[in-house]
Structures are given as structure tokens and as C-alpha cells.
Amino acid sequence: MEWMWNRQVVLAALASLGDKGELGPPCRLEYVLDLERRLDVRLPESYRGFVLRVGDGGAGPGHGLWPLRRSAKWADRGVYAPRYLATPFPFTARVPGERFEEPDEYADYEDVLTGSMIIAEIGHGAYFRMVVTGASPGRVWRDEVRGLRGTLTPGLDFADWYANWLLRLGALKGTPAGRRRLV
């Protein structure tokens, strides 16, 4: 489903957050198309619509949304294995940290998290990670494999994840059905 984000509505909702409510400008379509071509993926529709119509990086859950350039840089620079984002994300349900080999500061547990990219940092070694390819593109997972809980937990689609964050902060008024005005 293609989400039709409205930048003015989101910015109005974020205005109540003060400095934490700032967003970067939307991405240029040419940049997104070039990135998708180089990485051999199409970004999930809900996220793609957000970065193209609303903003790229800034206000969001955790310490805020990373700009697309930062989220994709590891795959774009070849730090991950070739076709990292194009290889389907392997999980569909919660994964305990024991599933990963010794997730200490030197372990590279991210090697098995293909098809996903970090979109925000939570802190204490934890991140929000969005599935790009696999069974549920656009779904945001809470990656605490190195964090306090030691798990990888599935969440909502990016659009619902972001709208729920605004609702929890009181920046967006209404019931879940009322969120449709946002998208």
C-alpha cells in the first residue's frame, strides 16, 4: 500500500516537541532511485513515501530517525557483504539473543540480519531496524541483541510505528483510525 504522507501535517504535529520536532528536508527522487539501483532494492513504500514527502532524518523514536544516507551507508560503501540489503531478512518472529553467536562488542551479529537497515538508535547498544527485503518489508524491529534485553523483536510497519510514536508523545491527537489523516 502506498502511503501518502503530508509534510505539513507531520510538521504541525512535531511543532509541540520543540527542538526534538525538527525534520530534515525530503530526499530528492533522483537520489532515492539511484540508491535503490545501486543496492538492488526498492525501499518499503511506507518509508519511501516518508523520506520523499515528509523528511529525511530528524524527529523520531529513540534518538531520532537517521537520514537515509546514514542508514544505507554500510551497504552503499560495501562494509556489509555484497547485496546485503537485497538478501531477504531471515526472521518473522521474536529472536532471543542466544540465537546469535556471542554478541559482544567484537562479534558481527549483523551479518545474519541481511535485508534490514538501522533507522534509529535507541541507546545502550540497541537500535530500530527496518526490514527492506523479506517477508515483511517496512516492518520495524527493535534490535536489542547487544542491548539490555538481548532480543530482536518485530514491531509495526514504518508508517504505524512513526504515527504511534507521535500519538504516545501527545503530538498527534486522535484514535488509531484517526491517524489516516497523517498518511
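Structure first, text after, so check above.
Counting of residues starts from 1 at the beginning of each chain's written sequence and follows it residue by residue. This being a predicted model, a pLDDT of at least 70 is required before a residue's local features are given, and a value of 80 or more before pairs of side-chain atoms are given or counted; all residues contribute to the totals for chains, interfaces and linings. Side-chain measures were taken over the full set of non-hydrogen atoms in the model, leaving aside hydrogen atoms and water.

## Examining the nonpolar core
As a reminder, the rule being used: Here, nonpolar core means buried Ala, Val, Leu, Ile, Met, Phe, Trp, Tyr and Cys residues that are tied together by side-chain atoms lying within 4.5 Å of each other. Here's how the labels work: a residue is buried when its accessible area is under 20% of the maximum for its type, exposed when over 50%, partly exposed in between, all with a 1.4 Å probe on protein chains only. Secondary structure follows DSSP: runs of H or I at least 4 residues long count as helices, runs of E at least 2 residues long count as strands, and numbering of each begins at the N terminus. Contacts are residue-level and defined by heavy atoms, with any inter-residue pair within 4.5 Å sufficient.
Grouped together as the largest cluster of nonpolar side chains are 46 residues, with contacts concentrated most on Tyr47, Phe50, Leu68, Met117, Ile119, Phe158 and Tyr162. Of all the elements, helix 5 (residues 158-169) adds the most residues to this core, at six residues. In this view, Met117 contacts Leu43, Tyr47, Leu68, Ser71, Leu85, Phe128, Arg129, Met130 and Val132; residues no more than four positions away in its chain are not counted.

## Side note on the pairing of strand 2 (residues 116-123)
Put simply, the rule is: Strands were regarded as paired on the criterion that DSSP finds at least two bridges between them.
Across the eight residues of strand 2, six count as buried, placing the element largely inside the fold. Bridging between strand 2 and strand 3 (residues 126-131) involves six bridges; their strand directions are antiparallel. In the sheet register, Ser116 faces strand 3, and the bridge partner there is Val131. Joining the antiparallel neighbours strand 2 and strand 3 is a turn of two residues, in which His124 adopts a positive phi near 55 degrees.

## Some words on unusual backbone geometry
The phi angle at Asp40 is positive, at roughly 60 degrees, despite the residue not being glycine. Residue position: Asp40 is located in the loop between helix 2 (29-39) and helix 3 (45-53). A positive phi angle, close to 55 degrees, is found at His124, a residue other than glycine. Within the secondary structure, His124 is located in the loop between strand 2 and strand 3. With a relative accessible area of 68%, His124 lands in the exposed category.

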